[in-house]
Amino acid sequence: MASLVEKIKSLSNSLAQETVGNRHHLHMHPELSFQETATQAFVEKQLNAWGIATNRLANTGVVAIIEGKNPSKKVVALRADMDALPIIETNDVPYKSQNPGVMHACGHDVHTSSLLGTAHILQTIKDEFEGTVKLIFQPAEEKAPGGASIMIKEGVLENPKPVSIFGQHVATNVPVGKIGFREGMYMASTDELYVKVIGKGGHGAMPDACIDPIVIASHIIVAMQQIISRNKNPKFPSVLTFGKIEGLGATNVIPDEVNIAGTFRAMDETWRAEGLEKMKKLAEGIADAMGGQAIFEVLKGYPFLQNNPELTRKAKAAAIAYMGEENVVDLDLWMAGEDFAFYTHHVDACFYRLGIRNEAKGITSGVHTPSFDIDEDALAIGPGLMAWLAVNELDS
Ligand SMILES: [Zn+2]
Ligand SMILES: [Zn+2]
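Here is a short report on the structure shown in this document.

Cut-offs used in this document
Residues numbered from 1 in each chain as written. Chains lettered and ligands numbered in written order. Predicted model: local features only at pLDDT ≥ 70, side-chain atom pairs only at ≥ 80, totals over all residues. Heavy atoms only, no water. Helix = DSSP H or I, 4+ residues; strand = E, 2+ residues; numbered from the N terminus. Contact = heavy atoms within 4.5 Å. Salt bridge = Lys/Arg side-chain N within 4 Å of Asp/Glu carboxyl O. Buried < 20%, exposed > 50% of the residue type's maximum accessible area, 1.4 Å probe, protein only. Core = buried A, V, L, I, M, F, W, Y, C linked by side-chain atoms within 4.5 Å. 1 Å grid on protein atoms, 1.4 Å probe; cavity = no way out; pocket = protein on both sides within 12 Å on 5 of 7 lines; lining within 4 Å. Points joined across faces, edges and corners; volume = space filled by probe spheres on them. Nonpolar A, V, L, I, M, F, W, Y, C, P; charged D, E, K, R; others polar. Donors = N, O, S within 2.8 Å, 3.2 Å for Na, K, Ca; no water.

Next up on the list: the environment of V367. Considering the arrangement of structural elements, one finds V367 in the loop between β16 (348–357) and α10 (378–395). Linking V367 and V170, residues 197 residues apart in sequence, is a C-alpha distance of 8.7 Å. If sequence neighbours within four positions are ignored, V367 has contacts with A105, C106, V170, T172 and F372.

Attention now moves to the pattern of salt bridges. Inspection of every chain in the model, using the stated rule, returns 21 salt bridges. Residues R79 and D339 are paired through a salt bridge, measuring 2.7 Å at the closest nitrogen-oxygen approach. Of this pair, R79 sits in strand β3 (residues 75–81) while D339 sits in the loop between β15 (328–330) and α9 (341–344), and the two are 260 residues apart along the sequence. Just as R79 is buried, D339 falls in that class too. Here E269 ties to R272 by a salt bridge, and the two come within 2.8 Å at their closest N and O atoms. Within this pair, E269 and its partner R272 are both found in helix α7 (residues 269–289), separated by three residues, close to a single helical turn. Look at E269 and you get partly exposed, because its relative accessible area is 27%. By relative accessible area, which is 4% here, R272 ends up buried.

This part is about the nonpolar core. Within the largest apolar cluster, 63 residues are counted, with the highest numbers of intra-cluster contacts made by L47, L78, L135, F137 and F166. At eleven residues, the largest contribution of residues to this core is made by α10. Leave out the neighbours within four places in its chain, and F166 touches V76, A77, L78, R79, L311, A315, F340, C350, Y352, M386, L389 and E393. With 26 residues, the next largest nonpolar core counts A58, I152, F340 and F342 among its residues.

Our focus in this paragraph is the layout of surface pockets. In this structure, the largest pocket spans a volume of roughly 430 Å³. Lining the largest pocket are 22 residues, and of these T190, R265, Y302, G337 and E338 lie nearest its centre. Mapped onto the lining of the largest pocket, the elements with two or more residues apiece are β8 (189–198) and β12 (257–266). Take the lining of the largest pocket: its biggest share by element is three residues, from β8. Residues belonging to the lining of the largest pocket are distributed by class as follows: eight nonpolar, six polar and eight charged. Taken as a whole, the second largest pocket holds about 250 Å³ of empty space.

What follows is about the coordination of the zinc ion (ligand 2). Distances from the zinc ion (ligand 2) to its protein donors, C106 (SG), H108 (NE2) and H169 (NE2), fall within 2.1 to 2.4 Å. Of note, the donors binding the zinc ion (ligand 2) are all from one chain and are spaced C-x1-H-x60-H. The metal-metal distance between the zinc ion (ligand 2) and the zinc ion (ligand 1) is 3.2 Å, with C106 serving as a donor to both. Taken together, the residues H108 in helix α4 (residues 108–124) and H169 in strand β5 (residues 164–175) connect sequence positions 61 residues apart. When its relative accessible area of 0% is taken as the criterion, H108 is described as buried.

Attention shifts here to the coordination of the zinc ion (ligand 1). Within the first shell, the zinc ion (ligand 1) binds the protein through C106 (SG), E142 (OE) and H368 (NE2), at distances of 2.0 to 2.3 Å. Counting gaps between the donor residues of the zinc ion (ligand 1) yields the pattern C-x35-E-x225-H. On the basis of relative accessibility, which here comes to 39%, the residue H368 falls in the partly exposed class.

Structural data, given as structure tokens:
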């Protein structure tokens with residue numbers, strides 16, 4: 001294995017130019033969630049050119065298999081997401097988005113080109129490892145219900161069935177050259193809440209003749225925060241934020257209804273279900289007690305993301321062997337969502353972070369911003385590291 005790690009590193013370095021070229025192509029031609037047709041064709045063309053057969057799944061997704069020696073020994077899956085965001089890019093770079101209003105601002109072009117690099121490496125060394133690697137190029141991470149959930153429904157985790165799965169995502173707070181891991185709960189479930197509070201509008205000087213939905217909605221918002229502070233087990237982080245309140249009255253007009261919208265995030269599926277149930281009861285109960293009505297609706301998002309502790313420990317040790325201890329960092333919990341979470345509830349999973357930040361080069365913008373970019377030195381690391389994690393896991 002010692003010689004294999006060196007071989008993978010050297011392949012990753014020598015393919016870096018190709019990987020960067022692929023990233024530039026994808027960055028210039030970004031596609032929104034569930035519309036990744038050109039991206040799909042590009043991924044297929046690259047894989048086919050290296051002799052890797054491809055299948056389509058979830059309409060715009062691609063799945064491919066690389067068999068080593070003794071392919072039935074064990075199957076490990078590697079996943080990249082492929083979709084872009086509705087953002088107008090402000091970077092003045094030669095590989096700037098050519099698709100107006102659409103931008104790879106979450107690094108999914110990096111993930112896709114990196115996994116292509118990984119595929120090229122694994123295909124090159126397939127006589128030197130045992131088992132099978134399943135490559136998953138997934139659409140629509142950014143949009144509910146999430147491409148991952150559709151791929152799982154369409155059988156991506158069957159035939160052959162992976163025992164574990166790895167996903168890699170850029171991290172704008174991790175310097176280039178470093179990799180981050182976290183065992184156990186890592187990212188949050190994300191549900192959207194919509195509460196319509198129905199009262200009875202009228203003249204602002206005659207509240208006795210009205211049922212004021214503004215006051216009812218205010219009580220609901222304040223009371224709901226106490227579900228987080230009083231009902232939730234403090235061991236599990238959870239967030240409730242209402243970012244929108246709309247009551248279209250006037251200084252002297254009480255409106256008929258108020259609409260509030262928010263996000264509920266959790267790190268425990270039992271609490272997630274209980275919390276939503278309690279919020280619904282509370283909103284309906286408060287509105288009812290005050291003479292109005294509340295209609296509580298939930299747009300269910302992704303589950304929370306759990307990294308299998310044993311798999312993550314093994315991956316971290318493998319990353320240390322690949323990068324050196326000083327370049328492997330521990331990650332904090334993050335209350336954002338990620339549809340890789342769906343896989344983590346079906347199979348042992350490890351979602352880790354590729355450092356792309358470089359303050360000296362001014363590369364500090366966050367994901368989902370119009371000036372997001374990466375230090376492309378990360379593309380010499382990402383493909384090889386993922387190949388090494390897969391080979392290491394197949395061998396364990
Ligand atoms: Zn994103
Ligand atoms: Zn992302």
